[in-house]
Amino acid sequence: MTEPTDSYGLLDRMLHRLAFATTWAQRGTADIEERLFRRELQRIDPGPPVLITALPRAGTTILLELLAGMSTFASHTYRDMPFVLSPMLWRGLSQRFRKQRAPRERAHGDGIQITLDSPEAFEEVVWRTFWPQHYETDRIRPWRRCDEAEFLEFLTANMRKVVALRAREKPTARRYVSKNNLNVARIPALFDALGDAVMLVPFREPLQHAWSLLQQHRRFGAMHEHDAFARRYMAYVGHFDFGANLKPVDFDGWLAGRDLQQATSLGFWLDYWIATYRHVLSHATHDRLHLVCFESLGAAPDLAPLAACIGGVDASELQQRRAILEPPRAREVDASGLAGDRVEQANGIYEALRARARI
């Protein structure tokens, strides 16, 4: 849900560059932050976190918007940037000069309007800080485990800080919710590390999804070519989905023999879809992983099944937020240039996902 960086003034850009360059220093600051806000943090009794993850363009943003607006949930917002690892300290420092901005369309050009209080995906900053070896030049290696004690302590502390911040304005907020597309590379490691986490994995009709991914890759490629700051900003927050920052997750070695120059073709993104959702499907029997069909979600008259998946939420409150959902628009996609049986493979995985989906 990336913010348009063309609105950033000189001070904004200087602060972001400072944050980009001091990620490791922020780890130390985070410890100071915990001591300073110990009493406030001790009052927080967090419930099970909800982790929304999938390939981009699958409906992760709308799911985050749907849940983050509920009384139960707390998420990162744009106000937490750029010092994401020390959000409580940064809030205290920034609130005197941070002005509200009028709603703006996010950088994806898809009509979604954002403000400083919109939920956003910043959790990946923590992962990049602790696991740099997974981010190779042209790909990201999936995690087999992520239960290293220092990392888990930092991650869960960061989640608690986000809940504490949001609870200042929304006292009933007790559950952390995140949209992090790269968490799809951490199934089932996250379930082993976070014993009570619930994961929502949306999926979408493969050709429609691959076409949307291709369009965004082209869009961000053009943006990064003309705006170096935007490219650095997105890399800092761990958005390696598109453009010059593209680093696909190498599920089961699917990238072997491939060049990222091929990402300008529909076939590349369809192959990425197949590799990703084949991986998801292999873990779909986990009782805390819930599949959500993009097409069904937009047309669903009743969100009670989604509430049941999440657990511990007011189904009527969730239903009241249903108005932000819209039925998806299908586009004609020319698949004539795709070799082999890739469309059939993808459709087979899609039908298997639908058979297991909760909504």
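Here's what I pulled together on the structure shown here. From a predicted model like this one, the values you see are computed outputs, not experimental measurements. Counting restarts for each chain: residues are numbered from 1 in the order of the written sequence. A pLDDT threshold of at least 70 governs which residues receive local features in this predicted model, and a stricter bar of 80 or more applies before side-chain atom pairs are shown or counted, although totals over entire chains, interfaces and linings include all residues. Water and hydrogen atoms play no part in the side-chain values, which are based on all heavy atoms of the structure.

### Quick look at the pattern of salt bridges
Only one rule defines a salt bridge in this text: a Lys or Arg side-chain nitrogen within 4 Å of an Asp or Glu carboxyl oxygen. A full pass over the atoms with the stated rule returns 12 salt bridges. Across the pair glutamate 136 and arginine 141 runs a salt bridge, and its minimum N-O distance is 2.9 Å. Note on exposure labels: buried denotes an accessible area under 20% of the residue type's maximum, exposed denotes more than 50%, and partly exposed covers the range between, all computed with a 1.4 Å probe on protein chains only. Given a relative accessible area of 30%, glutamate 136 falls into the partly exposed group. Owing to a relative accessible area of 32%, arginine 141 belongs among the partly exposed residues under this scheme. Between arginine 139 and aspartate 250 there is a salt bridge; the shortest N-O distance is 3.4 Å. One end of the pair, arginine 139, is in the loop between helix 6 (124–130) and helix 7 (149–167); the other, aspartate 250, is in the loop between helix 10 (228–236) and helix 11 (266–282), with 111 residues separating them in the sequence. The burial state of arginine 139 is the same as that of aspartate 250; both residues are buried. One salt-bridge network, in which partners are shared between bridges, spans Asp80, Arg91 and Arg166. What counts as a helix is a DSSP run of H or I of at least four residues, what counts as a strand is a run of E of at least two, and both are numbered from the N terminus.

### Here's the deal with the environment of arginine 231
Mapped onto the elements of the fold, arginine 231 is located in helix 10. Sequence separation between arginine 231 and isoleucine 32 is 199 residues, and the spatial gap between their C-alpha atoms is 31 Å. By definition in these notes, contact holds between two residues if any of their heavy atoms fall within 4.5 Å. Non-local contacts of arginine 231, meaning those with residues more than four positions away in its chain, are made with His224, Ala244 and Asn245.

### Regarding the nonpolar core
In this structure, Trp127, Cys146, Phe151, Trp269, Trp273 and Tyr277 are the most contacted members of the largest nonpolar core, which totals 94 residues. In this view, tryptophan 127 contacts Tyr135, Trp143, Cys146, Phe151, Leu155, Asn180, Asn183, Arg186 and Leu190; residues no more than four positions away in its chain are not counted. If you look at the next biggest cluster of nonpolar residues, it comprises 23 residues, including Leu67, Ala307, Ile310 and Leu318. For our purposes a nonpolar core is just a set of buried Ala, Val, Leu, Ile, Met, Phe, Trp, Tyr and Cys residues, chained together by side-chain atoms within 4.5 Å.

### Comments concerning the packing of aromatic side chains
Within 6.5 Å between ring centres, the rings of Phe, Tyr and Trp (the latter by its six-membered ring) count as paired, and their orientation is classed by plane angle as stacked under 30 degrees, edge-to-face over 60, tilted in between. Evaluated as defined, the whole model comprises 18 aromatic pairs. Three or more aromatic residues joined by ring pairs form one cluster here, namely Trp127, Phe130, Trp131, Tyr135, Trp143, Phe151, Phe154 and Phe240. Between arginine 186 and the ring centre of tryptophan 143, over which it is positioned, the NZ or CZ distance is 4.0 Å. Above the ring of phenylalanine 240, the side-chain terminus of lysine 247 is found at 5.6 Å from the ring centroid. Lysine NZ or arginine CZ positioned within 6 Å of the ring centre and within 35 degrees of the ring normal marks a charge as sitting over the ring.

### Some details on the environment of valine 333
Locating valine 333 in the fold gives a position in the loop between helix 14 (315–320) and helix 15 (342–356). Taking C-alpha positions, valine 333 is 37 Å from methionine 81, a pair spaced 252 residues apart along the chain. Once residues within four sequence positions are removed from consideration, valine 333 is found in contact with Leu207, Gln208, Trp211 and Leu266.

### Some remarks on the packing of helix 2 (residues 23–36) against helix 7
In this description, a line fitted to the C-alpha atoms serves as the axis of each element, helices being fitted only across the stretch in contact, and the angle between N-to-C directions of two axes falls anywhere from 0 to 180 degrees. Interhelical geometry of helix 2 versus helix 7 gives an angle of 55° and a closest axis separation of 12 Å. If you check the angle between helix 2 and helix 7, you find them oblique. When you trace helix 2 past helix 7, the crossing you get is left-handed. For the pair helix 2 and helix 7, the contacting residues are Arg27, Ala30, Glu33 and Glu34 in the first and Glu150, Phe154, Ala157 and Lys161 in the second. Amino acid classes used here: Ala, Val, Leu, Ile, Met, Phe, Trp, Tyr, Cys and Pro are nonpolar; Asp, Glu, Lys and Arg are charged; the rest, including Gly, are polar. A per-class count over the contact of helix 2 with helix 7 returns three nonpolar, no polar and five charged. Angle categories are assigned with fixed cut-offs, so that under 35 degrees is roughly parallel, over 145 is roughly antiparallel, 65 to 115 is roughly perpendicular, and the rest are oblique. Here is the rule for handedness: rotate from the far helix to the near one, and if that takes an anticlockwise turn smaller than a right angle the crossing is left-handed, while a clockwise turn gives right-handed.

### Quick notes on helix 2
With 14 residues, helix 2 should reach 20 Å at 1.5 Å per residue; the first-to-last C-alpha distance of 20 Å fits that figure. Listed as buried for helix 2 are Thr23, Gln26, Arg27, Ala30 and Glu33. One less than the number of residues in a helix, times 1.5 Å, gives the span that helix is expected to have.

### What about the pairing of strand 7 (residues 289–293)?
A regular strand places its side chains so that they alternate between the two faces of the sheet. With respect to burial, strand 7 is a largely interior element, five of its five residues being buried. A two-sided burial pattern is seen for strand 7, the buried positions comprising Leu289, Leu291 and Cys293 on one face and His290 and Val292 on the other.

### Considerations on the state of the cysteines
Here, a disulfide means two cysteine sulfur atoms that sit within 2.5 Å of each other. In total, this model carries zero disulfides according to the counting rule given. Note on cysteine 293: no disulfide assigned, nearest cysteine sulfur contributed by cysteine 309 at a separation of 13 Å.

### Here's the deal with the pairing of strand 6 (residues 198–203)
For strand 6, the buried fraction is high: six of the six residues fall into the buried class. As judged from the five bridges shared by strand 6 and strand 7, these two strands associate in the parallel manner. Along strand 7, the bridge assignment pairs valine 201 with leucine 291. Criterion used throughout: strands pair if DSSP finds at least two bridges between them.

These figures capture arrangement, not role.
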